[in-house]
Amino acid sequence: MKNPSTKVSAWWKEYWISVLSLFVFLLVWELVCRTGLMSRHQLVPPSKVFIVFIKKWYTKSPDGALLFDHIKTSLTLALTGFGAAVLIGTPLGLVMGWWKSVNLLVRPIFDAIRPIPPIAWIPIAILWLGIDIEAKAFIIWLAAFVPCVINSYTGIRLTNPVLIRVAQIYGASNVETFWKIGVPSAIPMVFTGIKLSLNAAWTTLVAAELLAASQGLGYMIQMGRRLARPDIIIVGMLTIGLTGALMSYLLSKAEQRFASSRSLSD
């Protein structure tokens with residue numbers, strides 16, 4: 001058994017290696033910009049990006065909104081599409097994986113829609129839903145829907161057939177076996193699908209906000225491009241990355257809590 005102090009020492013070593021690599025990256029970035037290797041219209045140093053990031057919390061220029069307003073708008077949009085994808089895609093995948101008749105009915109339509117990129121739906125989304133939040137949420141829903149279905153389907157298909165057979169021997173109906181054996185067995189894959197869906201929803205955000213947006217992180221990036229402001233573009237990109245990482249972290253914590261409570265109940 002390893003000494004706890006040895007584990008702590010190893011953790012600190014890995015931590016400082018990560019910090020050092022990040023510091024070197026930022027230093028090289030700063031030097032590239034300061035020495036003129038890249039024009040200020042192409043790239044700005046991280047020191048300026050940090051200053052702009054702070055200013056955007058209390059200054060609306062040059063894109064017309066505070067950073068908080070951009071984050072709020074993007075979160076509302078992304079979580080609307082993501083939530084609808086989880087609520088529809090997860091049960092659909094579980095049911096498709098358990099009942100062959102449902103799979104035969106839905107699978108051809110799903111396989112036909114799945115390869116189409118969400119961005120390709122933008123023109124028809126405008127025709128159907130206009131240019132308000134509904135059309136944007138629809139694009140995000142399409143991106144997040146597919147991972148939910150696929151992982152839920154795969155998870156329940158991997159249910160141990162021995163457990164299913166034991167449940168049948170003890171007189172459990174197909175529906176009871178589904179709820180008590182199939183669904184709990186699929187939970188790890190379901191959460192994997194939810195994580196992938198969250199990532200897909202967040203990465204599709206910029207494309208969705210091309211639809212006549214006036215706020216949002218994607219809109220902020222587009223405005224930075226139009227104004228030739230790489231600092232605004234990078235602040236928007238970093239904010240998307242940090243917010244997405246925070247949501248993924250919270251989702252991982254929710255998965256751990258759910259798994260621990262489920263193990264205690266078992």
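Residues numbered from 1 in each chain as written. Predicted model: local features only at pLDDT ≥ 70, side-chain atom pairs only at ≥ 80, totals over all residues. Heavy atoms only, no water.

Caption draft 1: Region of interest: the overall build of the protein chain. Within the protein chain, the secondary structure is distributed over 11 helices and zero strands. For the protein chain, the sequential pattern of α-helices and β-strands runs α-α-α-α-α-α-α-α-α-α-α. Scaling as 2.2 N^0.38, a compact globule of 266 residues should have a C-alpha radius of gyration of about 18 Å, whereas the protein chain reaches 23 Å, well beyond that. Taken along the three principal axes of its C-alpha coordinates, the protein chain extends 75 × 65 × 30 Å. Looking at the protein chain as a whole, 38% of its 266 residues are labelled buried. Expressed as a percentage of contacts within the protein chain between residues at least 6 apart in sequence, the contacts between residues at least 24 apart total 70%. Total accessible area computed for the protein chain in this model is approximately 15,900 Å², and 69% of it derives from carbon and sulfur atoms. Averaging the coordinates of the 24 positive side-chain charges in the protein chain and doing the same for the 12 negative ones gives two points 5 Å apart. (Helix = DSSP H or I, 4+ residues; strand = E, 2+ residues; numbered from the N terminus. Rg over C-alpha atoms; globule rule 2.2 N^0.38 Å. Buried < 20%, exposed > 50% of the residue type's maximum accessible area, 1.4 Å probe, protein only. Contact = heavy atoms within 4.5 Å. Areas by Shrake-Rupley, 256 points an atom, 1.4 Å probe, with all protein chains shown as cover. Lys, Arg positive; Asp, Glu negative; His and termini not counted. Charge placed at Lys NZ, Arg CZ, Asp CG, Glu CD.)

Caption draft 2: Highlighting the domain arrangement of the protein chain. For the protein chain, the assigned domains are domain 1 (1-38) and domain 2 (42-263). Distance between the C-alpha centres of domain 1 and domain 2: 31 Å. The partner domain 2 presents eight residues to the six residues of domain 1 that form the contact. Buried area between domain 1 and domain 2, both sides added, is near 660 Å², and the carbon and sulfur share of it is 74%. Summed over the shared surface of domain 1 and domain 2, the result is zero salt bridges. (Domains from an automatic or database assignment. Buried area = accessible area lost by both parts, 1.4 Å probe. Salt bridge = Lys/Arg side-chain N within 4 Å of Asp/Glu carboxyl O.)

Caption draft 3: Seen up close, the environment of Gln 222. Within the secondary structure, Gln 222 is located in helix H10 (residues 217-226). Measuring from C-alpha to C-alpha, the distance between Gln 222 and Ser 21 comes to 30 Å, with 201 residues separating the pair along the chain. In this view, Gln 222 contacts Val 206 and Leu 210; residues no more than four positions away in its chain are not counted.

Caption draft 4: Geometry of the UniProt feature "transmembrane region" (unreviewed entry) in the protein chain. Within the UniProt annotation, "transmembrane region" (unreviewed entry) is assigned to residues 15-33, 75-100, 112-131, 138-156, 200-220 and 232-251. Summarising residues 112-131: 50% helix, 0% strand, and an end-to-end C-alpha distance of 26 Å. Within residues 138-156, the helical portion is 100% and the strand portion 0%, while the C-alpha atoms at the span's ends are 27 Å from each other. (UniProt positions renumbered as here; feature names shortened; annotations may be inferred.)

Caption draft 5: Spotlight on the packing of aromatic side chains. All told, the structure shown has 11 aromatic pairs when counted by the stated rule. With a centroid separation of 4.9 Å and an interplanar angle of 50°, the aromatic rings of Trp 99 and Phe 178 are classed as tilted. With a gap of 79 residues between them, Trp 99 in the loop between helix H3 (67-98) and helix H4 (100-113) and Phe 178 in helix H8 (residues 174-203) connect regions that are remote in the sequence. By relative accessible area, which is 24% here, Trp 99 ends up partly exposed. Where Trp 121 meets Trp 128, the ring centres are 6.4 Å apart and the plane angle is 55°; that geometry is what we call tilted. Among the residues examined, Trp 121 registers a relative accessible area of 15% and is labelled buried. Under the relative-accessibility criterion, Trp 128 is labelled exposed at 54%. Pairwise contacts between aromatic rings join Phe 110, Trp 121, Trp 128, Phe 138, Trp 141 and Phe 145 into one cluster. Its guanidinium or amino end placed over the ring of Tyr 153, Arg 107 lies 5.1 Å from that ring's centre, counting from NZ or CZ. (Phe/Tyr/Trp six-rings, centres within 6.5 Å; stacked < 30°, edge-to-face > 60°. Lys NZ or Arg CZ within 6 Å of the ring centre and 35° of its normal.)

Caption draft 6: View of the confidence of the model for the protein chain. Predicted confidence across the protein chain gives a mean pLDDT of 87, with 92% of residues reaching 70 or more. Mean pLDDT across the elements of the protein chain bottoms out in helix H1 (residues 4-34) (78) and peaks in H3 (94). (pLDDT = per-residue confidence, 0-100.)

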